[in-house]
Structures are given as structure tokens and as C-alpha cells.
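# Topology and contacts: notes
The residues making up each chain are set out below.
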Amino acid sequence: MIIALGSKNKAKLKAVEDTIEDLGMKASFISIESPSGVSSQPFSDEETMEGAANRANFCLQQMNEAEIAIGLEGGVIETPFGLFLCNWGALAERGKETLFAGGARIKLPEEIAERLRAGEELGPVMDDYSESQGINHKEGAIGVFTHGLVDRATMFSHIVKLLIGQYEKRKGSSS
Ligand SMILES: O=P(O)(O)OP(=O)(O)OP(=O)(O)OC[C@H]1O[C@@H](n2cnc3c(O)ncnc32)[C@H](O)[C@@H]1O
Ligand SMILES: [Mg+2]
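Being a predicted model, the structure only gives us computed values, none of them experimental. (Residues numbered from 1 in each chain as written. Chains lettered and ligands numbered in written order. Predicted model: local features only at pLDDT ≥ 70, side-chain atom pairs only at ≥ 80, totals over all residues.)

## Examining the site of ligand 1
The immediate surroundings of ligand 1 are formed by 18 residues, with S7, G74, G123, N136 and G140 found nearest. For the shell around ligand 1, the elements supplying multiple residues, two or more each, are β3 (68-79), α4 (122-130) and α5 (140-144). Looking at the shell around ligand 1 residue by residue, the class counts come to five nonpolar, eight polar and five charged. (Near = placed C-beta within 6 Å. Helix = DSSP H or I, 4+ residues; strand = E, 2+ residues; numbered from the N terminus. Nonpolar A, V, L, I, M, F, W, Y, C, P; charged D, E, K, R; others polar.)

See the structure below:
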């Protein structure tokens, strides 16, 4: 079985690789840069979900050899308690309804939130804050603000497991 991922982001690639290994799946894995079709910094659950689904569907269309395609998308949501990170995954399979799964969410510090509300993107803001580069490919904002306890790959691997689990359940029910 071939699983396709609609991104070249290293944290997302690691999440899929780790999940295939953890679950002992007989699957190989390919990836292709896929457009999200939403703004580069999604600002709601709906927009982030749409980005994940667009990536999964684009990826499946491009990759004939793949049985399923996964799209992973990061965004933020405004709440009465502040601006929170949100992450969504979508799994596309030909002729079937797209599956969704959401990830862990934590509140962003106000100094980060204000910059995002002013129109900046989380990736560069986090690099600036951490005096580092490419945080979005490494521990991510979630890793920085959980003292490294939950990094971006771990968070996305949870989403990938929720997607694969739903896919396996559907496959089991239809056979
Ligand atoms: O190549 P792609 O797959 O697009 O990877 P990305 O890192 O840009 O990830 P997203 O498009 O899913 O995320 C939307 C924006 O939020 C940023 N972002 C999301 N989660 C982040 C995190 O945990 N740490 C740092 N930046 C993050 C990211 O850099 C983008 O600016
Ligand atoms: Mg992006």
C-alpha cells in the first residue's frame, strides 16, 4: 500500500514515517508539495480543516499510485481565553468521504498572538521569538511552549494515527 502526504515539511514527514513504523504497517510513503488553497496563516478551525482537505485531495489526484493521501494543516483559533494553536488532518480515498482528525491545542502567549492578529505568520514569528530558523520543521510552536514535551511531529503523529484508525475501521466494516 502507498500512502501519500501533501507536504514536504519535515515535522509532517516524520509524523507519517513514525506512525507507519509504530503501527507496523506494510506501507510505503511518498510526499509532494500540495497547495492548501486557504490563507498561509489559517485563522479558524474551518479554514484549517479546508486546508488539510484540499492538500489531501490534491495529493491523491496527483499520485495515481497512492491508495490514500493525507493533508496536515496548522492554524490558530480565537477564543474567549486567547489565541490557540489548532491543527487538522484529512485523509482522502478515491470514491469515499474524506476523513478528518484534530490535534492538541494550546494557548499562544499574548505577545505572539498580537503579532498574528496584526497579520504576521506563525512560522517566522516563532523563528524570531526563538532566535532560531525553521522551527516549523522542527519542534514547532507546540514544542517551544510545552518545554519540548510535545513536539510538532509527535502532535501530528497523533492526528495521523486518528486518521489511519478511522480508515482501517471503515475498511474493516466494508469487507
Ligand atoms: O510546508 P507546509 O506543509 O505548508 O508546512 P508549514 O510549516 O507551512 O505548516 P502549515 O502550512 O500547516 O502551517 C500554517 C502556518 O503556521 C505556521 N505554523 C503552524 N504550526 C506551527 C508550529 O507549530 N510552529 C511554527 N510555525 C507553525 C507555519 O509556518 C505556517 O506559517
Ligand atoms: Mg504552509
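## Overview of the confidence of the model for the chain
Per-residue confidence for the chain averages 96 on the pLDDT scale, and 99% of its residues sit at or above 70. What the predictor reports for the complex is a pTM of 0.96 with an ipTM of 0.94. (pLDDT = per-residue confidence, 0-100.)

## A short note on the UniProt feature "domain: Non-canonical purine NTP phosphatase/PRRC1" (unreviewed entry) in the chain
According to UniProt, the "domain: Non-canonical purine NTP phosphatase/PRRC1" (unreviewed entry) feature falls on residues 6-161. As annotated, residues 6-161 comprises 40% helix and 21% strand, and the C-alpha atoms at either end are separated by 16 Å. (UniProt positions renumbered as here; feature names shortened; annotations may be inferred.)

## Points about the environment of A113
Tracing the sequence through the fold places A113 in helix α3 (residues 110-117). Overall, A113 belongs to the partly exposed group, with 17 C-beta atoms counted inside 10 Å. Along the backbone, A113 and G82 are 31 residues apart, and their C-alpha atoms lie at a distance of 7.8 Å. Leaving out residues up to four positions away in the same chain, A113 has contacts with G82, L83 and L108. (Buried ≥ 20, exposed ≤ 12 C-beta atoms within 10 Å, placed from the backbone. Contact = placed C-beta atoms within 7 Å.)

## Concerning unusual backbone geometry
What you tend to see is this: most non-glycine residues have negative phi, and most peptide bonds are trans. Its identity as a non-glycine residue notwithstanding, E131 has a phi of 50°, on the positive side. Turning to its location among the elements, E131 is positioned in the loop between α4 and α5. The backbone of H147 shows a phi angle near 60°, a positive value even though the residue is not glycine. Within the element layout of this structure, H147 appears in the loop between α5 and α6 (152-174). The exposure class assigned to H147 is exposed, which follows from the 8 C-beta atoms found within 10 Å.

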